[in-house]
Amino acid sequence: MHGPVVVLGAGGFLGRHVVAALREQARAVRFPERTSDLLRLTPADWDALLRGGGGVINAAGRTAGPEDTLEAANVHLLEAALQAAARAHVPLVTFASAAEYGRTPGGHASQETDEARPLSPYGQSKLRGTQALQRAVQQGRVRAAALRLTNPLGEGIGEDTLPGRAARELRQAAQLRLDSVRFGPLGAQRDFVDARDAARAALHVLARLNASATQDLPDVINVGSGEARPVRDLVTGLAAQLGYHGELLEDAPGSPRSSDVPYQRADLTRLHAAGFRARHSFGDSLRRLTGRPVLA
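Reading the values: the criteria
- Starting afresh in each chain, residues are numbered from 1 along the sequence in its written order.
- The predicted origin of the model limits local features to residues at a pLDDT of at least 70 and limits the giving and counting of side-chain atom pairs to 80 or more, whereas totals for whole chains, interfaces and linings rest on all residues.
- With hydrogens and water set aside, each side-chain value is computed from the structure's full complement of heavy atoms.
- The helix count covers DSSP runs of H or I at least four residues long, the strand count covers runs of E at least two residues long, and both are numbered beginning at the N terminus.
- Each radius of gyration is computed over the set of C-alpha atoms, and the globule rule expresses the reference value as 2.2 Å times the number of residues to the power 0.38.
- The cut-offs for exposure are 20% and 50% of the maximum accessible area for each residue type, with area from a 1.4 Å probe on protein chains only; residues under the lower value are buried, those over the upper are exposed, and the others partly exposed.
- Contacts are assigned to residue pairs that have any heavy atoms within 4.5 Å of one another.
- In these tables, accessible area is a Shrake-Rupley quantity obtained with a 1.4 Å probe, and a residue counts as shielded only by the protein chains included in the view.
- One less than the residue count of a helix, multiplied by 1.5 Å, gives the span that helix is expected to have.
- Bend angle per residue: angle between axes fitted to the 7 residues ending at that residue and the 7 residues starting there.
- Axis definition: a line fitted to C-alpha atoms, limited for helices to the stretch in contact. Angles are taken between N-to-C directions and run from 0 to 180 degrees.
- Here is the rule for handedness: rotate from the far helix to the near one, and if that takes an anticlockwise turn smaller than a right angle the crossing is left-handed, while a clockwise turn gives right-handed.
- By the convention adopted, Pro, Cys, Tyr, Trp, Phe, Met, Ile, Leu, Val and Ala count as nonpolar, Lys, Arg, Asp and Glu as charged, and the other residues, Gly among them, as polar.
- The nonpolar core is taken to be a set of buried Ala, Val, Leu, Ile, Met, Phe, Trp, Tyr and Cys residues, with the residues joined through side-chain atoms within 4.5 Å.
- Here, strands pair whenever DSSP counts at least two bridges between them.
- If you view a crossover with the strands going away from you and the path from the first strand over the helix to the second runs clockwise, you call it right-handed.
- Salt bridges are defined by distance alone: a side-chain nitrogen of Lys or Arg within 4 Å of a carboxyl oxygen of Asp or Glu.
- Lining residues are defined by having an atom within 4 Å of a point belonging to a cavity or pocket. Those points lie on a 1 Å grid over the protein atoms alone, cavities being sets where a 1.4 Å probe fits but cannot get out and pockets being open sets with protein on both sides within 12 Å along at least five of seven lines.
- Grid points are joined across faces, edges and corners, and a volume is the space filled by probe spheres set on the points.

1. Overview of the overall build of the chain
- Scanning the chain for helices and strands turns up ten helices and twelve strands.
- Relative to the compact-globule value of 19 Å for 296 residues, the chain shows a C-alpha radius of gyration of 19 Å, a close match.
- Seen along its three principal axes, the alpha-carbon backbone of the chain occupies a region of about 60 × 40 × 35 Å.
- A burial count over the chain gives 50% of its 296 residues as buried.
- For the chain, the share of sequence-separated contacts (at least 6 apart) that also reach a separation of at least 24 residues comes to 79%.
- Accessible area for the chain stands at about 13,600 Å²; split by element, carbon and sulfur atoms hold 49% of it.

2. Some details on unusual backbone geometry
- Not every positive phi belongs to a glycine, and A26 is a case in point at roughly 60°.
- Along the chain, the position of A26 falls in the loop between helix 1 (13–24) and strand 2 (29–30).
- With a phi close to 55°, R177 is a non-glycine residue in the positive phi region.
- Mapping R177 onto the fold places it in the loop between helix 5 (162–176) and strand 7 (180–182).

3. As for helix 3 (residues 67–88)
- For helix 3, spanning 22 residues, the distance from its first C-alpha to its last is 31 Å, which sits close to the expected 32 Å at 1.5 Å a residue.
- Of all the bends in helix 3, the largest measures some 30° and sits at A73.
- Once helix 3 ends, the next one or two residues include H89, with phi positive near 60°.

4. What about the packing of helix 1 against helix 6 (residues 195–210)?
- Packing of helix 1 against helix 6 brings their axes to within 8 Å, and their N-to-C directions diverge by 65°. For the pair helix 1 and helix 6, the crossing hand works out as right-handed. Every residue of helix 6 that contacts helix 1 at F13, L14, H17, V18, A21 and L22 is listed here: A195, R196, A198, A199 and L203.
- Partitioned by chemical class, the residues of the contact of helix 1 with helix 6 number nine nonpolar, one polar and one charged.

5. Quick word on the side chain of E100
- Mapped onto the elements, E100 comes out in the loop between strand 4 (92–97) and helix 4 (121–138).
- Not counting residues within four places of it along the chain, the set of residues in contact with E100 comprises A116, R117, P118, G123, K126, L127, T130 and R148.

6. A short note on the nonpolar core
- Core analysis: the largest hydrophobic core is formed by 55 residues, its most contacted members being F95, L147 and L170.
- Examining the composition of this core, we find that nine residues originate from one element, helix 6, more than from any other.
- Those residues within four positions of L170 in sequence are excluded, and the remaining contacts are V181, F183, V235, L238, A239, L242, Y244 and L248.
- With 25 residues, the next largest nonpolar core counts L8, V56, L82 and L92 among its residues.

7. A short note on the pairing of strand 5 (residues 144–149)
- Among the six residues that make up strand 5, six are buried, leaving the element largely enclosed by the rest of the structure.
- Side-chain alternation along strand 5 places A144, A146 and R148 on one buried face and A145, L147 and L149 on a second face that is also buried.
- Inspection of the sheet shows strand 4 paired to strand 5 by six bridges, in the parallel sense. Bridged to F95 within strand 5 is L147.
- The β-α-β motif built from strand 4, the intervening helix 4 and the parallel element strand 5 has right-handed crossover chirality.

8. Topic: the pattern of salt bridges
- Counting across every chain of the model gives 18 salt bridges.
- Linked by salt bridges that have partners in common, E159, R165, R168 and E169 make up one network.

9. Concerning the side chain of N74
- Mapped onto the elements, N74 comes out in helix 3.
- Not counting residues within four places of it along the chain, the set of residues in contact with N74 comprises G61, R62, Y122, S125, K126 and G129.

10. What to know about empty space enclosed by the protein
- Evaluated as defined, the whole model comprises one cavity of 30 Å³ or more.
- The space that makes up the largest cavity amounts to roughly 60 Å³.
- Every residue lining the largest cavity is listed: N58, A60, A73, N74, L78, T94, F95, A96, K126, G129 and T130.
- Counting residues per element, the ones that place at least two in the lining of the largest cavity are helix 3, strand 4 and helix 4.

Given below as structure tokens:
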């Protein structure tokens, strides 16, 4: 892989981890100058950005907002990046989402060949982005892969997410010595993956795509831990890390997604066949999320 890697969304949660992973490998990184609105980049802007580069990792996108906002961030931006990568003859890796699968039976590990039936506007927009990438790959226009990511955990996660909010509230509860903290029902099962492993997977897949003049990898690859655990494990684990010993109540209103998608687990056959293995455990992720040191 030669030339700097262009990272879209470098200032976001996943993007920061991608940049850190590249710098750990002593790789040059390039960012768009106009990061405030990637959708305003002209074809000439894209060509200048990718010229002499070693590939693109798209960590940009939106998880919430009006449907037109989701469509622009999760579909139109990716389409523009794919077109630019095709013109520059460089590979592209994008972070897709396990939300594209929708509801899956309990115990079932979602496979990339499963029918995708997303329930949320977010999942629907991510699927349209993945489908755009698949069309570009199948038409031979670009070498690219969509990494269907489960639930990433790690330093810098937003407080608008359950892990980020739980860490904040439990830290405050420990400091104030509160008797209890209220959550919604925590029985939904999720596949949690360390954000550093997600970033490493993106670099690994990009390198594999760069190593061949043709597409030698599937165009959709799951990235996760391959394990489903109750969200309760996340909250109790954070409480232990933060030294909170009060009661964890589950009597607040629950999120619609938890009831709509009570079980999630990724089949990692394709990821492992590509030669990638995760490095960090669930406990590592919790320690990093709470700001405690973790050995790399």
